[in-house]
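Notes for the structure review
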There are 2 protein chains.
Amino acid sequence: MFFEGSEKKAEVIINNNNFCLLNDVNDSFWQELVACCNAQIISRISNENCKAFLLSESSLFVWTDRFLILTCGVTTLVNSIEYFLKNIDNSHINQVIYQRKNEYFSHAQLSCFSDDTKILAQHMNGKAYRFGEMDSHHNYIFHQENSFIAAPEDKTYGLLAYQISEQASRSLTTPGLSAQCIRDFFNIDLLLPGFLIDDFVFEPYGYSLNAIKNDKYLTIHVTPQAMSSYVSFESNIDLVELAAQILAVLQPASFDLLSFNELDFVDKVQANISSDYISKALVKQTLTNGYFVCFANFIKPQLHFSKPAQLDLTGEDHAL
Amino acid sequence: MFFEGSEKKAEVIINNNNFCLLNDVNDSFWQELVACCNAQIISRISNENCKAFLLSESSLFVWTDRFLILTCGVTTLVNSIEYFLKNIDNSHINQVIYQRKNEYFSHAQLSCFSDDTKILAQHMNGKAYRFGEMDSHHNYIFHQENSFIAAPEDKTYGLLAYQISEQASRSLTTPGLSAQCIRDFFNIDLLLPGFLIDDFVFEPYGYSLNAIKNDKYLTIHVTPQAMSSYVSFESNIDLVELAAQILAVLQPASFDLLSFNELDFVDKVQANISSDYISKALVKQTLTNGYFVCFANFIKPQLHFSKPAQLDLTGEDHAL
């Protein structure tokens, strides 16, 4: 069974003078917003800074001045953003950022990035970029263009691991696996000391985790199936520094790093990424909204021949 | 302007006891067959062994015992193969091989590989494979399963170059470029001494070349646009041995080699591919139809940061 793990991602930042997303917007609004992209809220944790919702397809985090939503599968995240734009007074909105990465099964998606940005462009001025080459891993980023400038300390990180090792894939597809087993597999206690955690094991495979501590968050989404395995980490804690630990567990054939406002990206990569990995793509740009964005794709050179994947002619194993 | 250069490819082999594709099938049949996938014949060359048609989307070669067709863009090649199966007595058919590589814009295609193989499987028993990982360059291969076994000397080669150098892309998108200029660019006289050549320069960009000599063929298809550049070489002459010459001209960021029945693939790669390129994928298998298939993807490591591609929000430059 194949599943499109690759997430669409959006962050909306508001000017919280007279309006606070955490207190002035109730959960039924978020439920409605999530439903617009064909996802559902599974569970919720919160602290004084943040509410974190686990979704049937990924995650939603809400702070006083912003929300972040990631959705995978064939969800239509742009519809959720449009719902927000239509229901919240636009004078509150400082910034909309919408991202989409290349999918495993892009032919099965209900829209492509350019379809999505056409919708967003009806509501705001914006710019769009592709970080990475078309024939390889790439991230599309759309952002609103206005007077908003991101604070330098507003840093976020993504680590996206592809084609995890056979052993990791086998461990994560073990029937009857408990959430605790998966936490242990990722050494969550070591990775996230003192975080409040909410996680869910999907049937037959798949795992999602939300973790929060003060205003810090980390979310992990696991699509462990051998032929299209994908594990994503998104956080405002420094994932480049944690990369070695994560890569040791997953041993992916390829992974991407995407950072916003990490000025020491190059030095940190040098210090934390093993020379077993070769950089296939390195792209950076300071966007006009102030974010300094770095994208890197790393691959492990292949030294030995493997066998091809044999496909079921019913098409079950190579279409979504 | 974007164009999907990636080809779908099919080869059909017949038992030419009482039936010869070269003499017993007329050009109007091929015209009809080509029309089934929404392509057209532009021109034709021939010698005593082979007819070579240049198509509006790629090429068709016909020999006494087989034909080979490659079509790019959003053509539906499987429909042409179905036309052949419905109009030629199936007792003549020894083998059908149908291939498709990952596209730049797979969401814009009218079908995916599994859709195509479902159609083929209605007419024959077959097997299907994916050579290469889902998140990276890969080739899908379907072949008929019957008693046919390929002759060891039946060798073919593909060299597929992606993201050619800026200089190569600029040269090949020069307005008013003549076919002779492009032949000179590729050093065709050196590459193909004594071959009969038919070529065509498309508006505003693009170039196709068919070359034949006795039963040998080579076809080149060029999609030179910087953001999605792609140049393919398909031949029954040894492209691994010619690779260094081709790569020196195009300097692609990445390229694939695909060979049928090249037993010395590994040694030839070692001898002919510069160590500037790293192997990202190496896959081999002897298919039950006797073909020994090797697939390799090579990349040039990226050592310096580049800028992202800025996209037009009308979507013109990132959708087909």
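It should be emphasised that the depicted structure is a prediction, and the values quoted were computed from it without experimental measurement. (Residues numbered from 1 in each chain as written. Chains lettered and ligands numbered in written order. Predicted model: local features only at pLDDT ≥ 70, side-chain atom pairs only at ≥ 80, totals over all residues. Heavy atoms only, no water.)

So, on to the overall build of chain A. Scanning chain A from terminus to terminus reveals nine helices and 17 strands. Here the C-alpha radius of gyration of chain A, 19 Å, is about what a compact globule of 320 residues would show, namely 20 Å. With respect to the principal axes defined by its C-alpha atoms, chain A has extents near 60 × 45 × 40 Å. Each of the 320 residues in chain A was classed as buried or not, and the buried ones make up 63%. Of the contacts formed within chain A by residues at least 6 apart in sequence, a portion of 66% connects residues at least 24 apart. In the structure as shown, chain A presents an accessible area of about 12000 Å², 47% of it carried by carbon and sulfur atoms. Of note, chain A has its 21 positive side-chain charges centred 3 Å away from the centre of its 37 negative side-chain charges. (Helix = DSSP H or I, 4+ residues; strand = E, 2+ residues; numbered from the N terminus. Rg over C-alpha atoms; globule rule 2.2 N^0.38 Å. Buried < 20%, exposed > 50% of the residue type's maximum accessible area, 1.4 Å probe, protein only. Contact = heavy atoms within 4.5 Å. Areas by Shrake-Rupley, 256 points an atom, 1.4 Å probe, with all protein chains shown as cover. Lys, Arg positive; Asp, Glu negative; His and termini not counted. Charge placed at Lys NZ, Arg CZ, Asp CG, Glu CD.)

The next subject is unusual backbone geometry. Residue and element names in this part refer to chain A. Going from glutamate 203 to proline 204, the amide bond is cis rather than trans, its omega being -5°. Along the chain, proline 204 turns up in the loop between β10 (196-201) and β11 (207-213). The backbone phi angle of asparagine 214 is positive, close to 50°, even though this residue is not glycine. Tracing the backbone through its elements, the reader meets asparagine 214 in the loop between β11 and β12 (216-223).

As a further point, take the interface of chain A and chain B. On the chain B side, the residues contacting the 54 residues of chain A number 54 residues. For the pairing of chain A and chain B, the buried interface totals around 5000 Å² over both sides, and the portion due to carbon and sulfur atoms is 62%. The three residues of chain A that bury the most area against chain B are Asp135(A), Phe305(A) and Leu313(A), which together make up 16% of that side's buried surface. At the surface where chain A touches chain B, the tally comes to zero salt bridges. Connecting chain A to chain B are 17 residue pairs in polar contact (both at pLDDT 80 or more). Listed by contribution, the elements that provide at least two residues to the side of chain A that touches chain B are α4 (113-121), β7 (126-131), β8 (139-144), α9 (265-272), β15 (278-286), β16 (292-299) and β17 (309-311) of chain A. (Buried area = accessible area lost by both parts, 1.4 Å probe. Salt bridge = Lys/Arg side-chain N within 4 Å of Asp/Glu carboxyl O. Polar contact = N/O pair within 3.5 Å; in protein donor to acceptor, adjacent residues only side chain to side chain.)

What follows concerns the side chain of Asp198(A). Residue and element names in this part refer to chain A. Along the chain, aspartate 198 turns up in strand β10. Although buried, aspartate 198 forms no salt bridge, and the nearest oppositely charged side chain, arginine 183, lies 6.7 Å from it. Excluding its chain neighbours within four sequence positions, the residues that come into contact with aspartate 198 are Ser43, Arg44, Ile45, Leu54, Ser208, Leu209 and Asn210.

Next up on the list: the environment of Met124(A). Residues and elements named next belong to chain A. Its place among the elements puts methionine 124 in the loop between α4 and β7. When its relative accessible area of 8% is taken as the criterion, methionine 124 is described as buried. As a C-alpha pair, methionine 124 and leucine 85 span 39 residues in sequence and 9.8 Å in three-dimensional space. Apart from residues no more than four positions distant in its own chain, methionine 124 is found in contact with Leu85, Val96, Phe142 and Gln144.

In an α-helix, one turn spans 3.6 residues, which is why side chains three or four residues apart end up on the same side. Within α4(A) the residues assigned to the buried category are Phe113(A), Ser114(A), Asp116(A), Thr117(A) and Leu120(A). The arc enclosing the buried residues of α4(A), seen along the axis, measures out at 155°, which places them on a common side. Contacts from the buried residues of α4(A) go to α3 (77-87), β6 (93-101), β7 and β8 of chain A together with β17 (309-311) of chain B. (Arc of directions from axis to C-beta.)

Moving on, we get to the pattern of salt bridges. Pairing of side chains with opposite charge becomes possible as their charged atoms draw close. Residue and element names in this part refer to chain A. As enumerated under the stated definition, the model contains 27 salt bridges over all chains in all. The partner of lysine 9 in a salt bridge is glutamate 234, and the shortest N-O contact between them spans 2.8 Å. Taken together, the residues span a long stretch of sequence, with lysine 9 in strand β1 (residues 8-14) and glutamate 234 in strand β13 (residues 230-235) at a distance of 225 residues. Residues joined in a network through salt bridges with shared partners are Glu11, Asp65, Arg66 and Asp154.

As summarised here, the arrangement of the nine strands in space is β17(A)-β7(B)-β8(B)-β6(B)-β1(B)-β5(B)-β4(B)-β3(B)-β2(B), forming an open sheet in which the pairing is antiparallel. Looking at strand neighbours, the two that pair on one side only are β17 of chain A together with β2 (41-46) of chain B, the edges of this open sheet. Taking each pair of neighbouring strands and ignoring which way they run, the sheet shows an average axis angle of 15°. As paired elements, β2(B) and strand β3 (residues 50-55) of chain B share five bridges and run antiparallel to each other. Note on β3(B): the bridge partner recorded for Ile41(B) is Leu55(B). Against the sheet, helix α2 (residues 27-35) of chain B contacts β2, β3, β4 (58-63) and β5 (66-71) of chain B, and its axis sits at roughly 40° relative to β3(B). Set on the sheet, helix α3 (residues 77-87) of chain B makes contact with β1 (8-14), β5 and β6 (93-101) of chain B; between it and β6(B) the angle comes to about 175°. (Pairing = 2+ DSSP bridges. Axes fitted to C-alpha atoms, helices over the stretch in contact; angles between N-to-C directions.)

What is shown is where atoms sit, not what they do.
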